[in-house]
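One letter stands for each residue in the lines below.
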Amino acid sequence: MFSLPSLPSWIPGLSSLEWGSGLLLDSVLQGLTGACGVSVLSSLLKVYFFVGCANNPERRLDKERLRARWASLETVHLAGLALILTVVGTRVASLVVLEFSLRAISTLLSLGKGSRSTERLQLYLLSQYSLGCGLSCGLSFLQEGAPHRTLNLLLGLGLAALLSTVAQRLRRHVCHLYELHSSQHDCGVCLALLAGAQGLPSLLGRALLVAFAVGDLAAVALINRDFLTTSEAVGFWTPLTICYTLLVIYMQEEQRQHPGLQSQVQTVLVRMGGLFVLLLTVGRWLDLLGVFISLLGELWCLVGVRTLLDLCQIQDFPSQRPSVSAPSRPQPSAPAQTQETAPS
């Protein structure tokens, strides 16, 4: 008797979601966890930029603009990013992580140690979507074959949501009360930011280094599991390496000549276009759909940080922090010195 084929037969290769099984829920949990990780990075970067603007009277307009934008975009941005990370697929997400890691290494090597901190901040801002993909790939690889995979992902999501909530509360506290508390010296959190906010990018850099190291290892393992022979793996990695190397060289030169948001959008289009052409030859048809989803994710993250990217173009940002000093005490007046006139 004739029977209609099931949904998975109509959608071959949809291994990232696995319709009709519990892996769909796991993909949702991984996407939410990745979005929470991006939210932590975004909140801490906003805290750093807000403190820099608050410490500089010339940046008062920028500070008010940042404060107004964050209140309306945070929840929508988090939900949209979680949805994108859920449906993008592990194969394309792995390629995005590897591409950004190669670009980050090349950028850091060209900058040199301790120079041009604004370029490092810009790199952190542009890493948000790649960080979400890296966290999702890392969870997929580390939990593969685990007997209680869904429960482990739930616990990981709970921890990520807790960190995201704490980071958002810190951001709201700083936006509303930092100026008052830093002037009155009555809040430990605001005083700590007043004294040590300059060390926040270094802390974020070390955290991103660990996250992308795990994500890169997971990405390579997830991609290699689809190859049955060494020749298939070589046929995939060779054009991928050549394509990514050429893209990195082109994008670095383009960004140096034309900095700004428009240049970043063009860079995203070139990157995703190159990945699309590459996957036309060595990928699957579902990977092409993942490229379009990744393009949407990159643009979605750029929308949320465009004001911060403008601040990165300021040569003197961040401004020098004011020194933390104890409340001034009245000094005793020196006795008046009498001036004697010499007799004529």
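> Explain the overall build of the chain to me, please; I cannot follow it from the model alone.
Scanning the chain for helices and strands turns up twelve helices and zero strands. Secondary structure elements in the chain, listed N-terminal to C-terminal, are α-α-α-α-α-α-α-α-α-α-α-α. Relative to its full complement of 344 residues, the chain shows a buried share of 46%. Considering only intrachain contacts with a sequence separation of at least 6, the fraction spanning at least 24 residues in the chain is 80%.

> Which parts of the structure should I look at to understand the pattern of salt bridges?
Side chains bearing opposite charge may pair, as long as their charged atoms lie close to each other. Within this structure, the stated rule accounts for six salt bridges. In this structure, Arg271 and Glu99 form a salt bridge, with 3.1 Å as the shortest nitrogen-oxygen distance. Residue Arg271 is found in helix H11 (residues 261-282), and its partner Glu99 is found in helix H4 (residues 90-111); the two are separated by 172 residues along the sequence. As far as burial versus exposure is concerned, Arg271 and Glu99 are alike and both buried. Of the charged contacts in the structure, one is a salt bridge between Glu144 and Arg225, with a shortest N-O distance of 2.9 Å. Residue Glu144 is located in the loop between helix H6 (128-142) and helix H7 (149-184), and its partner Arg225 is located in the loop between helix H9 (200-224) and helix H10 (230-257); the two are separated by 81 residues in the primary sequence.

> How should the environment of Val265 be read in this particular structure?
Within the fold, Val265 resides in helix H11. Residue class for Val265 comes out partly exposed when judged on its relative accessible area of 28%. As for Val265 and Val303, which are separated by 38 residues in sequence, their C-alpha atoms are 10.0 Å apart. Dropping the residues within four chain positions of it, Val265 is found in contact with Leu299 and Leu302.

Criteria and cut-off values
Residues numbered from 1 in each chain as written. Predicted model: local features only at pLDDT ≥ 70, side-chain atom pairs only at ≥ 80, totals over all residues. Heavy atoms only, no water. Helix = DSSP H or I, 4+ residues; strand = E, 2+ residues; numbered from the N terminus. Buried < 20%, exposed > 50% of the residue type's maximum accessible area, 1.4 Å probe, protein only. Contact = heavy atoms within 4.5 Å. Salt bridge = Lys/Arg side-chain N within 4 Å of Asp/Glu carboxyl O.

Treat this as a map of the structure, not an account of what it does.
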